Amino acid sequence: MANKLNMGFIGMGFIGPVHADAVALNWDISTAYAVADDDPAKQEMAKSMGLKTFQKAEEMIADPEIDAVHIAGPDQFHADWSILAMDAGKKLVVCEKPMTLTLEDSVKVLERAQKYEAEGGVFMTNINYMGHALPRAAREMRIKGDLGDIAIVQGFYEQDWLMDPNVWSWRLEGKMCASKDILPHLVSAAYFMGGLYPTRLIVDFATIVKQRNKPIGRTDAFSAEKVAVETELVEVESDLYSSVLCEFQNGGRGNFLVTQYMAGRQNWWEITLGGSKRRITWNQANPNEMEIGQSPVSEDSGKLTLQSVANLKLINNPPYLQAMGFTDAAQYSPYPGEHPAGYIDAFSRNFKAAYQVATGKIAREEAVIPGVMIGHICVAVADAVARSIEAGGKYVDVDYRGVDLKELKL
Ligand SMILES: NC(=O)c1ccc[n+]([C@@H]2O[C@H](COP(=O)([O-])OP(=O)(O)OC[C@H]3O[C@@H](n4cnc5c(N)ncnc54)[C@H](O)[C@@H]3O)[C@@H](O)[C@H]2O)c1
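Rules and cut-offs
- Residues numbered from 1 in each chain as written.
- Predicted model: local features only at pLDDT ≥ 70, side-chain atom pairs only at ≥ 80, totals over all residues.
- Heavy atoms only, no water.
- Core = buried A, V, L, I, M, F, W, Y, C linked by side-chain atoms within 4.5 Å.
- Buried < 20%, exposed > 50% of the residue type's maximum accessible area, 1.4 Å probe, protein only.
- Helix = DSSP H or I, 4+ residues; strand = E, 2+ residues; numbered from the N terminus.
- Domains from an automatic or database assignment.
- Contact = heavy atoms within 4.5 Å.
- Pairing = 2+ DSSP bridges.
- Axes fitted to C-alpha atoms, helices over the stretch in contact; angles between N-to-C directions.
- Salt bridge = Lys/Arg side-chain N within 4 Å of Asp/Glu carboxyl O.
- Left-handed = near helix turned anticlockwise from the far one by under 90°.
- Nonpolar A, V, L, I, M, F, W, Y, C, P; charged D, E, K, R; others polar.
- Disulfide = S-S within 2.5 Å.
- Right-handed = clockwise from strand over helix to strand, strands pointing away.

1. Overview of the nonpolar core
No. 1: F123, L201, F256 and I271 are the most contacted members of the largest nonpolar core, which has 112 residues in total.
No. 2: Looking at this core element by element, the count peaks at 11 residues for helix α13 (residues 372-390).
No. 3: When residues are assigned to domains, this core turns out to be shared by domain 1 (5-126) and domain 2 (132-333), each giving three or more.
No. 4: Filtering out sequence-adjacent residues up to four positions away, F256 remains in contact with V153, G155, L183, L186, V187, A190, S242, S243, V244, C246, F248 and I271.
No. 5: In this structure, W161, L172, V209 and V234 belong to the second largest nonpolar core, which totals 10 residues.

2. Re the domain arrangement of the protein chain
No. 1: Taken domain by domain, the protein chain holds domain 1 (5-126) and domain 2 (132-333).
No. 2: One C-alpha centre belongs to domain 1, the other to domain 2; they are set 26 Å apart.

3. What to know about the sheet that holds strand β1 (residues 5-10)
No. 1: Here we have 6 strands laid out as an open sheet, ordered β3-β2-β1-β4-β5-β6, and parallel in their pairing. Two strands bound the open sheet, and with one partner strand each, they are β3 (52-54) and β6 (122-126). Averaged over all neighbouring strand pairs, the angle between strand axes comes to 20°, with direction disregarded.
No. 2: Sheet analysis places β1 next to strand β4 (residues 68-71), joined by 4 bridges and oriented parallel. Residue G8 lies in a different strand from β4, and its bridge partner there is V69.
No. 3: On the sheet, helix α1 (residues 15-25) packs against β1, β2 (30-36), β4, β5 (92-96) and β6 and is oriented at approximately 170° with respect to β1.

4. Details of the pattern of salt bridges
Opposite charge on two side chains lets them pair, provided their charged atoms get close.
No. 1: A complete count under the given rule lists 21 salt bridges for this structure.
No. 2: Where D39 meets K42, a salt bridge forms, and the shortest distance between an N and an O atom there is 3.2 Å.
No. 3: Taking relative accessible area as the criterion, D39 reaches 14% and is therefore assigned buried.
No. 4: For K42, a relative accessible area of 10% translates into the label buried.
No. 5: The partner of R279 in a salt bridge is E291, with the nearest N and O atoms 2.8 Å apart. Residue R279 is found in strand β14 (residues 278-283), and its partner E291 is found in strand β15 (residues 289-294); the two are separated by 12 residues along the sequence.
No. 6: A network of salt bridges, in which partner residues are shared, links K97, R171 and D181.

5. Considering the pairing of β6
No. 1: Where burial is concerned, most of β6 is hidden: 5 out of the 5 residues are buried.
No. 2: Of the two faces of β6, the one holding V122, M124 and N126 and the one holding F123 and T125 are both buried throughout.
No. 3: Where β5 and β6 come together, 5 bridges link them in parallel fashion. Directly across from E96, in β6, lies its bridge partner N126.

6. Notes on the packing of α1 against helix α12 (residues 343-358)
No. 1: At a minimum axis separation of 8 Å, α1 and α12 run at an interaxial angle of 65°. Two packed elements cross with a definite hand, and for α1 against α12 that hand is right-handed. Judged by residue contacts, I15, V18, H19, D21, A22, V23 and L25 of α1 engage Y343, I344, F347, S348, F351 and Y355 from α12.
No. 2: When grouped by side-chain class, the residues that make up the contact of α1 with α12 number 10 nonpolar, 2 polar and 1 charged.

7. Thoughts on the state of the cysteines
No. 1: Applying the stated criterion to the full structure yields 0 disulfides.
No. 2: Of all cysteine sulfurs in the structure, the one in C378 sits closest to C177, which takes part in no disulfide; the separation is 17 Å.
No. 3: The buried category is assigned to C177, whose relative accessible area is 0%.
No. 4: Here C246 stays free of any disulfide, with the sulfur of C378 as its closest cysteine sulfur at 12 Å.

8. Here we look at the pairing of β5
Here is the key point about a regular strand: its side chains alternate between the two faces of the sheet.
No. 1: The buried fraction of β5 amounts to 5 of the 5 residues, a majority that puts the element mostly inside the structure.
No. 2: Of the two faces of β5, both are covered, the one formed by L92, V94 and E96 as well as the one formed by V93 and C95.
No. 3: Judged from the 4 bridges that link them, β4 and β5 form a sheet pairing that is parallel. If you follow A68 over to β5, its bridge partner there is L92.
No. 4: Note that the unit made of β4, helix α4 (residues 78-87) and β5 has a crossover that is right-handed.
No. 5: Crossover handedness for the path β5 to helix α5 (residues 103-118) to β6: right-handed.

Have a look at this one:
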């Protein structure tokens, strides 16, 4: 088996270059090889870096020199490109979230990926923060029983970039924006850290900015460049705010609030899991410490002590994590404490684990990487959100079609 993987990237807008940078951090095991982007400017950029370039994703996927495909183009192409790359026999397919736009497509990708992995391929949905040490420590705490029974989940994801009616993104097309784009991070966090998936939910939502000036040409997401382009005024129906009340499979309750209309918040998201023994709160804008709240209900006949009730801060530091028995988290902690590990590091660590499986260095069963199931769960929840909105804000059951719920464990 090849020691180094040749990587092909589809989509070089905002997140594609982050993938490429994370690949560069794994220089011992991966090499950036090609880019497919239908924007000539992105092709020029890739060419200037010595990469092979393609206008069409399909042509890049067909190139036999490419071992692994990173899919970082707009959501509507994810399903087709994923299936094409698996059919082409690539060793690894990394697909950005959301894995697909519809539940029907998600079932297709799920079935294809299960067969593909049985044949030795690796499919990854890029739930990037799963590559960060402290969410992994939260997962280890939950598995060891340190959290107790989780009764309450609270997540919020706030951005402000779509407050401006002159900003346009393909994300605004259709009926879902915030609930399609940023909700998957909270849903996957509840599942990965807390082992919880919603069985029933209800949505309250608002469009807020109902008309926008849409460029007649094209723009990338989060572009700082304000280029004067011709625009047309369009009506928008999708949500800039959704609040999703959930019931989870264990009877726990929760609320996910997502919005791209919160002044001064660029990418502020946080998850709290309230268990019978402890609470954990992790914020991805301040990812190197996690708050642990202790229950005042003492196991020691009601006696309260400093150790039993003082809230704690878990710091991202490999030897400390190791010493506390968080061995998985320690492996995802790239630097000594107070050398901040951030966004790119989480991408890089996730990819590293997937590359190690794809090159036969570790077995698939040993790697806890975000696979097709976590992608499918997020799509199933998004589908329920769409049905609740369609029904005028009513409770709906989440349809995890194609999955035996007993198998939903991470
Ligand atoms: N995990 C994360 O933190 C994270 C963050 C941002 C975006 N994303 C996901 O990444 C994906 C891309 O988002 P983005 O913000 O980079 O978008 P973007 O609009 O900035 O970039 C999309 C790129 O795809 C290219 N493209 C569009 N249509 C194409 C086609 N038919 N063939 C080839 N190339 C095409 C565009 O030219 C552009 O370069 C989305 O699915 C999004 O949900 C994930």
